[in-house]
Amino acid sequence: MASTDYKADTERGKEVVPPAAPPTVNCFAADITLRVLLFVASVAAVVSIVTANQTKIIPVLGEREAKFNHLKAFIYFVVALSIAGLYSIITTLASISVLSKPALSTKLLLYFAFWDVLVLGLVASATGTAGGVAYVGWKGEDHAGWAELCSTYDKFCHHVAGSLAVSLFASVVLVLLSWLSIYTLHSRIPK
């Protein structure tokens, strides 16, 4: 007896067509776009803060320089965003490879979901840490006796502020990437 995709309905004498498989959502074009945006944001944030150096002559103290590597929080920020940039390159290439080999997409989406959240935590913590230090530099802290620095080192502070803004954008992109991976995985679950 030959095998067919149709089963006979013996009560009514008709053939019943099995339900079609649910369509799989493939959002890898959006995924690639977001990962490229993550790379651009990470590089822009790193370049902005690394080029933030300014030298001023301060009465009594002499010539003083403000550089990102004078503060450990900014060094952590640069390392974290460099890792995010490298991660975005690797995952962009992996997403492009899925377009040619769709069989790997589900497993790769699961890995993306895990790693996107991990890198989001890294970028968000680095942004918060650098933002806290930048805020103290901008406003000062009267109780601790720390004077504000941005009135003296305005160019330096503008670079840091721009870098933090771009880093916040990178965090939003990572949130969108996490949502996209989870949504795509969820849509592949048979209902």
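Residues numbered from 1 in each chain as written. Predicted model: local features only at pLDDT ≥ 70, side-chain atom pairs only at ≥ 80, totals over all residues. Heavy atoms only, no water.

Under the annotation held in an unreviewed UniProt entry, the protein chain carries the name CASP-like protein and is attributed to Morella rubra. Annotation of the protein chain in UniProt includes, under Sequence similarities (unreviewed entry), the sentence "Belongs to the Casparian strip membrane proteins (CASP) family." Heading Subunit (unreviewed entry) of the UniProt record for the protein chain holds this comment: "Homodimer and heterodimers." (UniProt positions renumbered as here; feature names shortened; annotations may be inferred.)

S.K.: Summarise the overall build of the protein chain; cite the residues concerned and give the values.
M.R.: Across its full length, the protein chain carries four helices and four strands. Written out in order from the N terminus, the α and β elements of the protein chain read β-β-α-β-β-α-α-α. Here the protein chain holds 191 residues, and 36% of them are scored as buried. Within the protein chain, contacts between residues separated by at least 24 positions form 76% of all contacts whose residues are at least 6 apart in sequence. Summing over all exposed atoms, the protein chain offers an accessible surface of approximately 12000 Å²; the carbon and sulfur share of this is 68%. (Helix = DSSP H or I, 4+ residues; strand = E, 2+ residues; numbered from the N terminus. Buried < 20%, exposed > 50% of the residue type's maximum accessible area, 1.4 Å probe, protein only. Contact = heavy atoms within 4.5 Å. Areas by Shrake-Rupley, 256 points an atom, 1.4 Å probe, with all protein chains shown as cover.)

S.K.: Break down the nonpolar core for me, citing the residues and quoting the values.
M.R.: In terms of nonpolar packing, the biggest core is built from 34 residues, with L38, I49, F74, F77, F156, V160 and L174 touching the most fellow members. No other element matches the nine residues that helix α4 (residues 154–187) contributes to this core. Discounting chain neighbours no more than four positions away, the residues touching F74 are I49, F68, A130, V133, A134, F156 and V160. Counting eight residues, the second largest nonpolar core, distinct from the first, contains A94, L108, A113 and L185. (Core = buried A, V, L, I, M, F, W, Y, C linked by side-chain atoms within 4.5 Å.)

S.K.: I'd like to hear about the side chain of S187, residue by residue, with values.
M.R.: With respect to the helices and strands, the residue S187 is situated in helix α4. For S187, a relative accessible area of 14% translates into the label buried. Within the structure, the side chain of S187 is placed 2.8 Å from the backbone oxygen of T184, a separation counted as a polar contact. (Polar contact = N/O pair within 3.5 Å; in protein donor to acceptor, adjacent residues only side chain to side chain.)

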